[in-house]
Amino acid sequence: MTTEKRSFQAEVSRLLDIVAHSLYSEKEIFLRELVSNASDACDRMRYLALTKPELAEADAEYRVVLTPDKQKKTLVVDDNGIGMTREELAENLGTIARSGTASFLQNLTGDAKKDLSLIGQFGVGFYSAFMVAREVEVISRRAGESEAWRWVSDGRGEYTISPAEKAGRGTTIILHLKEGEEEFLEPHRLRHIVKTYSEHIPLPILLKEGGKEEKLNEASALWTRPKAEIKPEQYKEFYHHVGHVFDEPWLTLHFRAEGVFEYTGLLFIPSTKPFDLYDPQRKGRLKLYVRRVFITDDAEGLVPAWLRFLRGVVDSEDLPLNVSREMLQSNPMLAKMRSQIVKRVLAELEKKAKDSPEEFEKFWDNFGAVLKEGIYEDLDHRDALLALARFRSTAGEKLVSLEEYVGRMKPGQDAIFYVTGDSVAQAARSPHLEGFRAKGVEVLYFTDPVDEFWSGAVGEWKGKKLKSVTRGGADLAKIEGESKEASADAEDKDAKAPANVQSLIAIFKLALGDAVKDVRTTDRLTDSPACLVADEGDVDIHLERLLRQHRHIDKLAKRILELNPKHALIERLAALVGKDGTTEQLQEMAWLLFDQAKILQGETLEDPAAFTRRLSGALARGLPT
Ligand SMILES: Nc1ncnc2c1ncn2[C@@H]1O[C@H](COP(=O)(O)OP(=O)(O)OP(=O)(O)O)[C@@H](O)[C@H]1O
Ligand SMILES: [Mg+2]
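Residues numbered from 1 in each chain as written. Chains lettered and ligands numbered in written order. Predicted model: local features only at pLDDT ≥ 70, side-chain atom pairs only at ≥ 80, totals over all residues. Heavy atoms only, no water.

J.: Tell me about the pairing of strand E3 (residues 74-79), and name the residues and values.
T.: Burial within E3 is extensive, with six of its six residues counted as buried. Residues of E3 alternate between two faces, with Thr74, Val76 and Asp78 on one and Leu75, Val77 and Asp79 on the opposite face, all of them buried. The antiparallel hairpin formed by strand E2 (residues 64-69) and E3 contains four residues in its connecting segment, where lysine 73 sits at a positive phi of about 55°. As paired strands, E3 and strand E7 (residues 170-177) are joined by six bridges and run antiparallel to one another. For threonine 74, the partnering residue across the bridge sits in E7 and is histidine 176. (Buried < 20%, exposed > 50% of the residue type's maximum accessible area, 1.4 Å probe, protein only. Helix = DSSP H or I, 4+ residues; strand = E, 2+ residues; numbered from the N terminus. Pairing = 2+ DSSP bridges.)

Dropping the structure here:
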């Protein structure tokens, strides 16, 4: 078998180009990445050996060995982990895995300075080796395989794979250091880097020098150590390693559960959204250990999907070591751990929400939309999640809870009003809010797609109906407004409605036919002449748009055209009713107001030509002859 030359996947070349030429200051992170990979590989080997002990080849002393060689100017990082086959070498080191590296590329801006800082933030995994090495050799033998393979590259777009000799299983990475990077051959430097970034790695990291091996880290699982002994940086570095993320943890939860069965949890809530937060699989990413042996990071059912942003480990004393994924899912212990973990996390969040609302606001902006999925799908925790839920509202920037909202409802108000939209800015522009604003009635902004679903499923909170301002009646009349005038105004809505407004409505109904479900006056408008609302029981306007965007529906619900009887245009039109030769004009106006209401709520018109024809006609009529 000869040497085969291959090209890197395009993304890898782009990445390598940035990394290889980077003037990134903290190049030392390359060692953190390589040690993290070696530790993951040993974790996977330890687990494999549980079911296939023969593959461990009687070598269960997992360790990572660093060997600097000043003559050869090489630094070797060697592990006796699971190793890689020829295909895996090509797959894993020739293409971008779904990892922090992938989101590094997604976040590239093209601005070299900004992109440079991203390297530290995303860690770029194995490829960070090219920040310090002019050539990288990887010699790997997969556990259970007799053949070993050598992967070599200088990071300039291509790599070669050829057969190699390797006594044990595992992976040996030889870094041929660039000129000027000799510092990484200095034992004190390597010691410092390991202490800084890899102290938490649960297996020995050995520095080999002149035949002597020095252990550089404590090599015990961080979560087994007493909390008092662990420094915040150690928790942070562990979070980086276990989460494949590089931000600060927003919350660190380290606990030991005793009783019927025992387990330790070291959980983190990120301070930024992980790149796979909205991955359709909605998988949790906690790592499950059994008595310090890594089992899986795909422990389905360990946490509900609405807590999938959690990172960290759960180490069970009682689960059977050779537990398979399938067995796991049906294991009552796992279900118990799950409910206890959920309770602990919710309790911490409640505490944060109460003690430091600003801090909680950051969390909520990141993960509120995910947590609200739980309101919809997890009845057991619905009430707890509703209590945690926060919303922006017409009352101002600050987040508001349902409790606070209900606490400041207006006299006569018996519903929790909300308006849906793609963003606060878009929802705030909704004409349907005018009447509510005028009366000082607070309206919540529902700007996450999930809001349409949980609000429909929940229906009411503590006896107060959740009511969309774009569906059904506005019911503003019975609410006492902020100012006397406002309430007085609303009271005599009908009193002041122009005489012929009902006749105008009849003409509009005739003109619009089945383009609308109904035409009526409303008190939800103050500045706009008209708007469209969904009838009670029909799909709400924003939800219909979402479903249409995702091609979940094509048939559109008929809407109700609401007219603002106090708007000058409506008054003038009503005054025209009954006058000779105005019917056709009024029918044109019906369509103009209908299309205008559609535009106002961000909808596209079926017949824009007709709209412009009618508009220019109306404008022409308005101009002095
Ligand atoms: N020492 C090793 N032993 C076995 N497999 C390895 C080793 N180093 C890397 N790999 C394989 O190469 C893949 C890519 O490594 P890389 O560090 O770039 O990404 P990652 O570790 O998956 O994620 P991250 O970007 O968070 O580091 C790994 O997922 C793993 O499959
Ligand atoms: Mg990695």
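J.: Give a detailed account of the packing of helix H2 (residues 29-51) against helix H6 (residues 187-197), specifying residues and quantitative values.
T.: Between H2 and H6, whose axes approach to 9 Å, the crossing angle comes to 65°. In this structure, H2 crosses over H6, and the sense of that crossing is right-handed. Side by side, H2 and H6 meet where Ile29, Leu31 and Arg32 of the first sit next to Leu190, Ile193, Val194 and Tyr197 of the second. Looking at side-chain class alone, the contact of H2 with H6 contains six nonpolar, no polar and one charged residues. (Axes fitted to C-alpha atoms, helices over the stretch in contact; angles between N-to-C directions. Left-handed = near helix turned anticlockwise from the far one by under 90°. Contact = heavy atoms within 4.5 Å. Nonpolar A, V, L, I, M, F, W, Y, C, P; charged D, E, K, R; others polar.)

J.: I'd like a rundown of the packing of aromatic side chains, residues and numbers included.
T.: In this description, a pair of aromatic rings is defined by centroid distance and the angle of the planes. For the coordinates displayed, the defined rule picks out 27 aromatic pairs. For the pair phenylalanine 360 and phenylalanine 363, a centre-to-centre distance of 5.6 Å together with 40° between the ring planes defines the contact as tilted. Note that phenylalanine 360 and phenylalanine 363 are positioned in helix H10 (residues 357-377) at a spacing of three residues, about one turn of the helix. A relative accessible area of 2% places phenylalanine 360 in the buried class. Put simply, the rings of Phe8, Phe126, Tyr127, Phe130, Trp151 and Tyr159 pair up and form one aromatic cluster. A cation over an aromatic ring shows up here: arginine 86 above the ring of tryptophan 149, its NZ or CZ 5.3 Å from the ring centre. The ring of tryptophan 250 is capped by lysine 352, whose NZ or CZ atom sits 4.6 Å from the centre of that ring. (Phe/Tyr/Trp six-rings, centres within 6.5 Å; stacked < 30°, edge-to-face > 60°. Lys NZ or Arg CZ within 6 Å of the ring centre and 35° of its normal.)

J.: An account of helix H22 (residues 608-622) is requested, with residue identities and associated values reported.
T.: The end-to-end C-alpha separation of H22 is 21 Å, in line with the 21 Å expected for 15 residues at 1.5 Å each. Three or more residues of H22 are buried, namely Ala610, Phe611, Arg614 and Ala618. Buried residues in H22, looked at end-on, bunch into an arc of 100°, giving them a common side. Along H22, exposed side chains directed more than 90 degrees from the buried face belong to Ala609 and Leu619. Residues of H22 that are buried make contact with helix H21 (583-600). (Expected span 1.5 Å × (residues − 1). Arc of directions from axis to C-beta.)

J.: Run through H10, naming residues and quoting values.
T.: Here H10 is 21 residues long, yet its end C-alpha atoms lie only 26 Å apart, well below the 30 Å a rise of 1.5 Å per residue gives. At phenylalanine 367, H10 shows its largest bend, some 65°. (Bend = angle between axes of the 7 residues up to and from the residue.)

J.: Can you lay out the nonpolar core for me, pointing to particular residues and giving the numbers?
T.: Most often, soluble globular proteins keep nonpolar side chains buried together rather than apart. Ile269, Phe309, Phe363 and Leu371 are the most contacted members of the largest nonpolar core, which totals 73 residues. For this core, the element with the most residues is helix H9 (residues 332-355), which contributes nine residues. When residues no more than four places from it in sequence are discounted, the contact partners of phenylalanine 309 are Phe268, Ile269, Pro270, Leu277, Phe363, Phe367, Val370 and Leu371. Formed by 57 residues, the second largest nonpolar core is a distinct cluster that contains Ile29, Ala38, Val77 and Ala129. (Core = buried A, V, L, I, M, F, W, Y, C linked by side-chain atoms within 4.5 Å.)

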